[in-house]
Amino acid sequence: MVRDALEPCGAGLRPRADAPVTQVAHDVLGCLISHAGVTVRITEAEAYAGSDDPGAHTFRGRTARNASMFGPVGHAYVYFTYGMHHALNLVCGPEGTGHGVLIRAGEVVDGVDLARSRRGGVSDRDLARGPGRLAQALALDRTHDGMSMEGSAPDLLLVPATVPKCTSSGPRVGVSGPGGDGELFPWRFWITEDPYVSAYRPAKPRRRPARP
DNA sequence: ACTTCGATTGGCT
DNA sequence: GCCAATCGAAGTG
């Protein structure tokens, strides 16, 4: 079995609770994820490991915002950030650990017209190239936080497709502090040389306020 | 109650 | 390359 970190679940797949979150982030590459009439082939994902991971939203424990990350696998964590963007995670690991995989980018392979209308005339390459863009293409917002990937008609469907020829890993995007150290947490995974992978940007250094 | 800033994006220099 | 947008979560007092 090639994708050991995923298991059958209703009409599709879900992360295995006993699989390392990094392996899930790798194994979702090349899979198809569908919501609201659009299907995306996943090209890039990042692992976040709860209380073990200073870069994770769940590092400091459960809050109203991140509660769904502490739930069981087979559900999504969708959060709102920067006052305007949403991002999609798959809940991973044993219930209560707060582990998850951020789906960072992909190629729209079905429902292209719908995705274009949601994304307002950008190039097809940019329809879902980046976490905020991908969430917009899939029409995801906070109302979808906690949605199920299970059942015969799940809210979010993950299915296998062609396994990528070659994958790469490296530091996570936009993660500052200890969790941003690629040597400790090289937990961004992508399909090597795929044009639908987002551009890497280092975390912006924290600016100190000027003191008069 | 108040302040800071974010797992980002798009527009402009 | 640089920065404004935009708002709520989380941290501080």
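Structure: above.
Only a predicted model underlies this, so the values are computations on that prediction, with no experimental measurement involved.

(A) Looking closely at the overall build of chain A. For chain A, the helix and strand inventory stands at 3 helices and 10 strands. Listed by position from the N terminus, the elements making up chain A come as β-β-α-β-β-β-β-β-α-α-β-β-β. For 212 residues, the compact-globule formula gives about 17 Å, and the C-alpha radius of gyration of chain A, at 16 Å, lands near that figure. The dimensions of chain A, computed from C-alpha atoms along their principal axes, are 60 × 40 × 35 Å. Looking at the 212 residues of chain A, the share that counts as buried comes to 48%. In chain A, the share of contacts with a sequence separation of at least 24, taken over all contacts with a separation of at least 6, comes to 61%.

(B) Fine view of the pairing of strand E5 (residues 76-81). Bridge count between E5 and strand E6 (residues 85-92): 6 bridges; the pairing is antiparallel. By the bridge assignment, Tyr77 is partnered in E6 with Asn89. The turn linking E5 back onto E6 is made up of 3 residues, and Tyr82 within it adopts a positive phi angle of 55°.

(C) Spatial organisation of the pairing of strand E2 (residues 12-15). Pairing analysis gives 4 bridges linking strand E1 (residues 6-9) to E2, with the strands arranged antiparallel. Residue pairing across strands places Cys9 opposite Gly12, the latter belonging to E2. Adjacent in sequence and paired antiparallel, E1 and E2 are bridged by 2 residues, among which Gly10 carries a positive phi angle near 55°.

(D) Up close: the protein's contact with DNA strand B. DNA strand B sits among 25 residues. The nearest are His57, Leu102, Gly130, Gly132 and Gly174. Listed by contribution, the elements that provide at least two residues to the surface near DNA strand B are E6, strand E7 (99-110) and helix H3 (131-137). Counted by class, the surface near DNA strand B contains 10 nonpolar, 11 polar and 4 charged residues.

(E) Broad picture of the nonpolar core. Core analysis: the biggest nonpolar cluster contains 53 residues, and Ala25, Val40, Ala45, Val101, Ile103, Leu134 and Ala137 have the highest contact counts within it. Among the elements that line this core, the one with the most residues is strand E4 (residues 38-49), at 7 residues. Residues within four places of Ala25 in sequence aside, it is in contact with Ala45, Glu46, Ala47, Val101, Trp187 and Phe189.

(F) Representation of unusual backbone geometry. Unusually for a residue other than glycine, Ala36 sits at a positive phi of about 50°. Structurally, Ala36 can be placed in the loop between strand E3 (32-35) and E4. For Ala36, a count of 15 C-beta atoms within 10 Å translates into the label partly exposed. The phi angle at Ala139 is positive, at roughly 60°, despite the residue not being glycine. Assignment of secondary structure puts Ala139 in the loop between H3 and strand E8 (157-159). According to the C-beta neighbour criterion, Ala139 is partly exposed, with 16 such atoms within 10 Å.

Conventions used here
Each residue is numbered by its place in its chain's sequence as written, counting from 1. As they are written, the chains are lettered A onward and the ligands numbered 1 onward, keeping that order. pLDDT decides what is reported in this predicted model: residues at 70 or higher carry local features, side-chain atom pairs at 80 or more are listed and counted, and totals for whole chains, interfaces and linings draw on all residues regardless. Helical segments are the DSSP runs of H or I of at least four residues, strand segments are the runs of E of at least two, and each set is numbered from the N terminus. Here the radius of gyration uses the C-alpha set of atoms, whereas the globule reference equals 2.2 Å times the residue count to the power 0.38. Exposure classification rests on a simple neighbour count of other C-beta atoms within 10 Å of a residue's own: a residue reaching 20 or more is buried, one at 12 or fewer is exposed, and one in between is partly exposed. C-beta atoms are placed from the backbone. We call two residues in contact if the C-beta atoms placed from their backbones are at most 7 Å apart. Two strands qualify as a pair provided that DSSP identifies no fewer than 2 bridges between them. The rule is simple: place the C-beta atom from the backbone, and if it lies within 6 Å of a molecule or strand, the residue is near it. Note that Gly is not counted as nonpolar here; it falls among the polar residues with everything else outside the nonpolar set of Ala, Val, Leu, Ile, Met, Phe, Trp, Tyr, Cys and Pro and the charged set of Asp, Glu, Lys and Arg. In this description, a nonpolar core means buried residues of the types Ala, Val, Leu, Ile, Met, Phe, Trp, Tyr and Cys, linked to one another by C-beta atoms lying within 7 Å.

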